[in-house]
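# Observations on the model geometry
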Amino acid sequence: MTIDSKSLRIIITPGEPAGIGIDLVAMLAQQAWPVEIVVCTDPYLLIHRVKQLGLPPLLLHPYQPNYVRLNNIGELTILAINTSDIVTPGILNVANSNYVIATLARACDGCLNGEFAALVTGPVHKGIINACGIPFSGHTEFLAERSKKKMVVMMLVTESMRVALATTHLPLSAVPRTITYNMLHEVITLLVENLRKQLRILQPRVYVCGLNPHAGEDGYIGKEEIEVIIPVLKALRAVEHYDLVGPLPADTIFLPQYIQEADVVLAMYHDQGLTVLKYQGFGSAVNITFGLPFIRTSVDHGTALSLAGTGLAKANSMKNALNLAIEMVKNSNV
Ligand SMILES: NC(=O)c1ccc[n+]([C@@H]2O[C@H](COP(=O)([O-])OP(=O)(O)OC[C@H]3O[C@@H](n4cnc5c(N)ncnc54)[C@H](O)[C@@H]3O)[C@@H](O)[C@H]2O)c1
Ligand SMILES: N[C@H](C(=O)O)[C@H](O)COP(=O)(O)O
């Protein structure tokens, strides 16, 4: 089937080759999809893993930029990048970190130049990439840098909860000094504008966490709320008329009555927000990056090395990430 529309083509990077990402790709191919799924990987890695998992052999088509082929059951399109060394499920091999980065770079560039409508990423192992001498703190930061974007926002979603993060992968000790007035102003603006544009939530209600215990208790347990968070919320309410609630203590902001009212909770740092979201929906949540020049979704879990090649990894988060990317592509074409 020839369709001259890149909006039907989504690129997937499976991530760490010794992890479960490639298993999840093999599992995705067990159903038909209304898009062309282009997997940026080593085809022999995929063929091997399919065998190991006892799944039916896949029909792999080489990626052809001018030919869009919708996915039938058991078929995938492959944009080939070879691993550098042997891949053993569950065993990290530093020699393959370059392969992981090469797949991300190629996929990102293809989204930037319009070859692909969206990027869906499988899990990478941040440690082994750094061990290879490549500074890497996460896809979010890598894709932002490669796209020349200074500010992006990470948000994870489940069926009943959205949690965005003001800061992502940085040491806890660096969080307070990173959250400045201008930075938080930009994070909230980017969050609200992208909830409108990409998820069609026209007047999102954002519940904002404090940074300190009990949101600083009027300045007696920390001053960041008084000096930074409250002034930003006031300015954005007054000038942009955003619907912002808070700052509220992070230990109670996730109570059901608040979650029902909130379109999103903005946490000040990674584990303040993601601990709750993953407790509630781990394994089926989706990670979205707002602020890139293209749509990017991802799984909510890591490399789960001990499950690679065993058939025990669950593909719900990967499937949800792909479905959400397809929905966001449709929204962006409206
Ligand atoms: N999207 C990403 O790239 C991403 C996300 C989170 C963590 N990581 C990285 O992954 C590595 C391992 O992290 P971790 O051990 O903290 O988290 P993890 O998510 O890999 O594992 C946590 C637990 O969940 C289980 N699990 C994870 N995914 C599963 C799935 N699909 N089906 C069934 N069980 C699953 C694992 O077996 C383990 O018990 C780290 O390097 C971390 O930075 C990457
Ligand atoms: N913070 C994410 C999580 O806990 O699920 C994870 O580390 C992946 O982040 P990137 O998409 O930036 O790699």
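Residue numbers run consecutively from 1 along every chain, following the written order of its sequence. Lettering for chains starts from A, numbering for ligands starts from 1, and both go in the order in which the items are written. In keeping with the model being predicted, local features are shown solely for residues with a pLDDT of at least 70 and side-chain atom pairs are shown and tallied solely at 80 or more, while totals for entire chains, interfaces and linings include all residues. Side-chain descriptors were evaluated using all non-hydrogen atoms of the structure, hydrogens and water having been removed beforehand.

## Here's the deal with the overall build of the protein chain
Selection criterion: In DSSP terms, a helix is any run of H or I states spanning at least four residues, a strand is any run of E spanning at least two, and both are numbered starting from the N terminus. We compute the radius of gyration over the C-alpha atoms and compare it with the globule rule, which gives 2.2 Å times the number of residues raised to the power 0.38. Accessibility here uses a 1.4 Å probe with only protein chains present; expressed as a share of the type maximum, an area under 20% marks a residue as buried, one over 50% as exposed, and anything in between as partly exposed. Working definition of accessibility: Shrake-Rupley area with a 1.4 Å probe, residue cover restricted to the visible protein chains.
Within the protein chain one finds 11 helices and 12 strands. For the protein chain, whose C-alpha radius of gyration is 20 Å, the value lies close to the compact-globule estimate of 20 Å for 334 residues. Taken along the three principal axes of its C-alpha coordinates, the protein chain extends 60 × 40 × 35 Å. By the burial criterion, 54% of the 334 residues in the protein chain qualify as buried. As displayed, the protein chain has an accessible area near 14600 Å², and 55% of this comes from carbon and sulfur atoms.

## Regarding the pattern of salt bridges
The line we're drawing: Salt bridges are counted wherever a side-chain nitrogen of Lys or Arg sits within 4 Å of a carboxyl oxygen of Asp or Glu.
Under the definition given, this model contains six salt bridges. Where Arg-205 meets Asp-243, a salt bridge forms, and the shortest distance between an N and an O atom there is 2.9 Å. Taken together, the residues Arg-205 in strand β8 (residues 205-209) and Asp-243 in strand β9 (residues 243-248) connect sequence positions 38 residues apart.

## Some details on the environment of Asn-212
Position of Asn-212 relative to the elements: it lies in the loop between β8 and α8 (224-240). Under the relative-accessibility criterion, Asn-212 is labelled buried at 16%. Here the alpha-carbon distance between Asn-212 and Ile-134, two residues 78 residues apart in the chain, equals 33 Å.

## Things to note about the site of ligand 1
Where we set the bar: What makes a residue near a molecule or strand is one non-hydrogen atom of that residue sitting within 4 Å of it. Any pair of nitrogen or oxygen atoms within 3.5 Å is treated as a polar contact; in protein, a donor-acceptor pairing is required on top of that, and neighbouring residues in sequence qualify only through side-chain atoms on both sides. In this classification, Asp, Glu, Lys and Arg are treated as charged, Ala, Val, Leu, Ile, Met, Phe, Trp, Tyr, Cys and Pro as nonpolar, and every other residue, Gly included, as polar.
Around ligand 1, the structure places 16 residues, and the nearest of them are Val-124, Lys-126, Gly-302, Ala-304 and Lys-314. A distance of 3.0 Å is found between an oxygen atom of ligand 1 and a side-chain nitrogen or oxygen belonging to Lys-126. A distance of 3.2 Å separates an oxygen atom of ligand 1 from a polar backbone atom of Thr-303. Residues belonging to the shell around ligand 1 are distributed by class as follows: eight nonpolar, six polar and two charged.

## Focus on the domain arrangement of the protein chain
Accessible area lost during the coming together of the parts is what is often quoted as the interface size. Selection criterion: Here the bounds of each domain stem from an automatic or database domain assignment. Whether two residues touch is decided by their heavy atoms; if any such pair falls within 4.5 Å, the residues are in contact. A simple way to read buried area is as the amount of 1.4 Å-probe accessible surface that goes missing from two parts once joined, with both sides added.
Entries for the protein chain in the domain assignment read domain 1 (1-149 + 292-333) and domain 2 (153-282). Inter-centroid distance (C-alpha atoms) of domain 1 to domain 2 is 30 Å. Each partner contributes to the interface: domain 1 provides 12 residues, whereas domain 2 provides 11 residues. Taken over both partners, the interface formed by domain 1 and domain 2 buries close to 920 Å², and the fraction arising from carbon and sulfur atoms is 52%. For the interface between domain 1 and domain 2, the tally reads zero salt bridges. Linking domain 1 with domain 2 are six residue pairs in polar contact (both at pLDDT 80 or more), by the criterion used here. Of all the elements, helix α11 (residues 316-333) adds the most residues to the side of domain 1 that touches domain 2, at four residues.

## Comments concerning the sheet that holds strand β6 (residues 153-157)
As a reminder of what qualifies: Strand pairing follows a simple DSSP-based rule, namely that at least 2 bridges must link the two strands. Helix axes use the C-alpha atoms of the stretch in contact, all axes being lines fitted to C-alpha atoms, and the angles between their N-to-C directions lie in the range 0 to 180 degrees.
Overall, mixed pairing links the 12 strands, which are arranged β3-β4-β2-β1-β5-β12-β11-β6-β7-β10-β8-β9 in an open sheet. Two strands lie at the open edges of the sheet, namely β3 (59-62) and β9, each paired on one side alone. On average, each strand axis in the sheet is inclined to that of its neighbour by 25°, with strand direction left out of account. Note: strand β7 (residues 162-165) against strand β10 (residues 264-267), three bridges, orientation parallel. Across the sheet, Leu-165 pairs through a bridge with Ala-267, a residue of β10. Relative to the sheet, helix α3 (residues 97-112) contacts β1 (9-13), β2 (36-41), β4 (75-80) and β5 (118-121), its axis offset from that of β1 by approximately 160°.

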